[in-house]
Amino acid sequence: MASSKVSTNEKATKEPLIGYVHSIETFGSVDGPGIRYVAFLQGCHMRCQYCHNPDTWKLNVGDQMTTDEILEDAMKYRAFWGKTGGITVSGGESLVQIDFILELFEKAKALDISTCLDTSGQPFTREQPFFDKFKRLMQVTDISLVDIKHINSAEHKKLTQYGNENILDMIQYMAQNHNDMWIRHVLVPQRTDDDKYLAELGDYIAKIPNNVVQKVEILPYHTLGVKKYHEMKIKYRLEGIESPTPDRVANAEKLLRTADYTGYKTWMPLPKL
């Protein structure tokens, strides 16, 4: 006669997915359209010379939160979001925790919350299981903020310790699937402020298909993170380099044709699933 006992595995309930969170900003105004609740996740593989948050690099550290806990906290601020605001997930490098973001965004869209992914794209690959997860993630992501560190892969590797081929591949995949994005580029004197490469980057962005690029931004390099390097006893690679002058910022904006990308002014998130 078969046993009527239920195994321990059958009794066990699914453990909630845990995300490692570096910090939360409840009233973000520069991390996507509108006013947004921004979760900065922990972990990044790249080592950008100008990174101002080296304390986000380590994996599996930080405040442990479930997706439900983030949503519960975020909902306190929903009245401020208007028609375009919502939740942004940033980093570190957000895609390091793709499982967590996927669950969070699926739940958010079910609640008709606008979702924004802030990424540099370094973990992107068309290999499994990452690629299927990424495809699902794009289905519940209203817009992405994509940081192109450098258009030249060799220079990109000098700057970040990684090439950019997979990052540009991610952008092409997103564009082919009509996933809206903002493109960002950090302007660093002696590193990313070369007219030749800026013009190449401008040409590259102009050829991204399907009019998915809603905005192009130049982010001037700053030295606000230097103190963290000294406190953490990490060598700072850009000692002595100051922020770019207003003229160089204007030059970069001209070469990247930032004025041509105005879709963000009328952009609206996807309707509820």
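In this text, all values refer to a predicted model and were calculated from it rather than measured experimentally.

Overview of the layout of surface pockets
Here the largest pocket defines a volume of roughly 760 Å³. Around the largest pocket sit 28 residues that line it, and His52, Asp118, Asp147, Lys149 and Leu219 are the ones nearest its centre. When residues of the lining of the largest pocket are traced back to their parent elements, those giving at least two are strand 5 (114-119), strand 7 (181-187) and strand 8 (213-220). By residue class, the composition of the lining of the largest pocket is 12 nonpolar, nine polar and seven charged. Taken as a whole, the second largest pocket spans an internal volume of roughly 170 Å³. Around the second largest pocket sit 13 residues that line it, and Gly82, Lys83, Gly85, Asp112 and Ser114 are the ones nearest its centre. By residue class, the composition of the lining of the second largest pocket is five nonpolar, four polar and four charged.

Focus: the packing of helix 3 (residues 98-110) against helix 4 (residues 130-139)
Viewed as axis vectors pointing N to C, helix 3 and helix 4 meet at an angle of 25°, and their least axial separation amounts to 10 Å. As summarised for this structure, helix 3 and helix 4 are arranged roughly parallel, according to the angle between their axes. Helix 4 is crossed by helix 3, and the crossing has left-handed handedness. Of helix 4, the residues touching helix 3 (which contributes Ile98, Asp99, Ile101, Leu102, Phe105 and Glu106) are Phe130, Lys133, Phe134, Arg136 and Leu137. Among the residues making up the contact of helix 3 with helix 4, the classes are represented as seven nonpolar, no polar and four charged.

As for the pattern of salt bridges
Scanning the model with the defined rule gives 19 salt bridges in all. The salt bridge partner of Asp147 is Lys149, with a shortest N-O separation of 2.8 Å. A salt bridge links Glu231 to Lys227; the shortest N-O distance between them is 3.9 Å. Taken as a pair, Glu231 and Lys227 lie in helix 8 (residues 226-232) at a separation of four residues, close to a single helical turn. By the burial criterion, Glu231 is exposed, and Lys227 matches it. One continuous salt-bridge network, built from bridges that share partners, spans Asp118, Arg184, Lys215 and Glu217.

Quick notes on unusual backbone geometry
A negative phi angle is the norm for most residues apart from glycine, just as the trans form is the norm for most peptide bonds. Cis geometry is found at the peptide bond from Gly91 to Gly92, where omega equals 15°. Relative to the elements of secondary structure, Gly92 occurs in the loop between strand 4 (86-90) and helix 3. The phi torsion at Asp112 lies on the positive side, around 65°, for a residue other than glycine. In this structure, Asp112 sits in the loop between helix 3 and strand 5. The residue Gln190 is not glycine, and still its phi comes out positive at about 70°. Mapped onto the fold, Gln190 is located in the loop between strand 7 and helix 7 (195-206).

What counts, and at which threshold
Residues numbered from 1 in each chain as written. Predicted model: local features only at pLDDT ≥ 70, side-chain atom pairs only at ≥ 80, totals over all residues. Heavy atoms only, no water. 1 Å grid on protein atoms, 1.4 Å probe; cavity = no way out; pocket = protein on both sides within 12 Å on 5 of 7 lines; lining within 4 Å. Points joined across faces, edges and corners; volume = space filled by probe spheres on them. Helix = DSSP H or I, 4+ residues; strand = E, 2+ residues; numbered from the N terminus. Nonpolar A, V, L, I, M, F, W, Y, C, P; charged D, E, K, R; others polar. Axes fitted to C-alpha atoms, helices over the stretch in contact; angles between N-to-C directions. Parallel < 35°, antiparallel > 145°, perpendicular 65-115°, else oblique. Left-handed = near helix turned anticlockwise from the far one by under 90°. Contact = heavy atoms within 4.5 Å. Salt bridge = Lys/Arg side-chain N within 4 Å of Asp/Glu carboxyl O. Buried < 20%, exposed > 50% of the residue type's maximum accessible area, 1.4 Å probe, protein only.

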